[in-house]
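An overview of the molecular structure
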Amino acid sequence: MATNDTESVLTQLAAVIEQRKQADPGSSYVAQLFAKGRSKIAQKVGEEGVEVALAAVSTDNLAIISEMADLWFHSMVLLADAGLSHQAVLDELGERFGLSGLEEKAGRPQSLKSGGIKTGNIKN
């Protein structure tokens with residue numbers, strides 16, 4: 001599925017993940033993740049984040065791309081498990097345009113500044 005349309009790739013990936021939610025865990029890695037629950041999915045996101053960081057310090061650009069793809073994939077699985085869409089993340093990023101990183105961070109609720117969980121009305 002080689003395409004330059006980022007939104008299309010994410011939309012297609014989200015659709016495949018949704019289809020695999022109900023698949024037999026014996027035949028689908030995504031179905032296995034869903035069967036093991038959110039803790040396992042979150043663990044995979046964390047592992048992939050560490051692998052991205054390790055690839056980054058190795059300065060192996062192909063490894064960075066490969067590991068980042070794994071991180072994005074597992075992040076999409078986590079979003080699906082939470083009933084959220086990638087579009088919600090894209091919308092959040094879009095809202096940050098025009099703000100410096102320091103301004104954006106200063107405007108966050110205190111719970112986010114200290115690494116807490118953001119709560120509120122997030123729609124998928």
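Description of the structure in this document. Treat the numbers as computed from the prediction; the structure is a model and nothing was measured.

The rules behind each value
- Residues numbered from 1 in each chain as written.
- Predicted model: local features only at pLDDT ≥ 70, side-chain atom pairs only at ≥ 80, totals over all residues.
- Heavy atoms only, no water.
- Helix = DSSP H or I, 4+ residues; strand = E, 2+ residues; numbered from the N terminus.
- Axes fitted to C-alpha atoms, helices over the stretch in contact; angles between N-to-C directions.
- Parallel < 35°, antiparallel > 145°, perpendicular 65-115°, else oblique.
- Left-handed = near helix turned anticlockwise from the far one by under 90°.
- Contact = heavy atoms within 4.5 Å.
- Phe/Tyr/Trp six-rings, centres within 6.5 Å; stacked < 30°, edge-to-face > 60°.
- Buried < 20%, exposed > 50% of the residue type's maximum accessible area, 1.4 Å probe, protein only.
- Arc of directions from axis to C-beta.
- Polar contact = N/O pair within 3.5 Å; in protein donor to acceptor, adjacent residues only side chain to side chain.

**Concerning the environment of A56**
Here A56 lies in helix α3 (residues 38–58). C-alpha of A56 to C-alpha of E67: the two residues are 11 residues apart in sequence and 9.4 Å apart in space.

**A closer look at the packing of α3 against helix α4 (residues 61–81)**
The contact between α3 and α4 brings their axes to 8 Å, and the two run at 160°. Here α3 lies roughly antiparallel to α4, going by the angle between them. Seen from above, α3 lies across α4 with left-handed handedness. Residue-level inspection shows R38, I41, K44, V45, E48, G49, E51, V52, A55 and A56 of α3 in contact with α4, the latter providing A63, I64, E67, M68, D70, L71, H74, S75, V77, L78 and D81.

**Notes on the packing of aromatic side chains**
Following the criterion strictly, the structure yields 1 aromatic pair and no others. Look at Y29 and F73: their rings are 6.4 Å apart centre to centre, the planes differ by 25°, and that puts the pair in the stacked class. Taken together, the residues Y29 in helix α2 (residues 29–36) and F73 in helix α4 connect sequence positions 44 residues apart.

**Structural notes on unusual backbone geometry**
With a phi close to 60°, T59 is a non-glycine residue in the positive phi region. Mapped onto the elements, T59 comes out in the loop between α3 and α4.

**Thoughts on α2**
For α2, the set of buried residues is V30, A31, L33 and F34. Considered in projection along α2, the buried side chains sweep an arc of 155° and stay on one side of the axis. In α2, those exposed residues whose orientation departs by more than 90 degrees from the buried face are A35 and K36. Sitting at the head of α2, S28 places a side-chain oxygen 3.3 Å from the backbone nitrogen of V30. G37 sits one or two residues past α2 and shows a positive phi near 95°.

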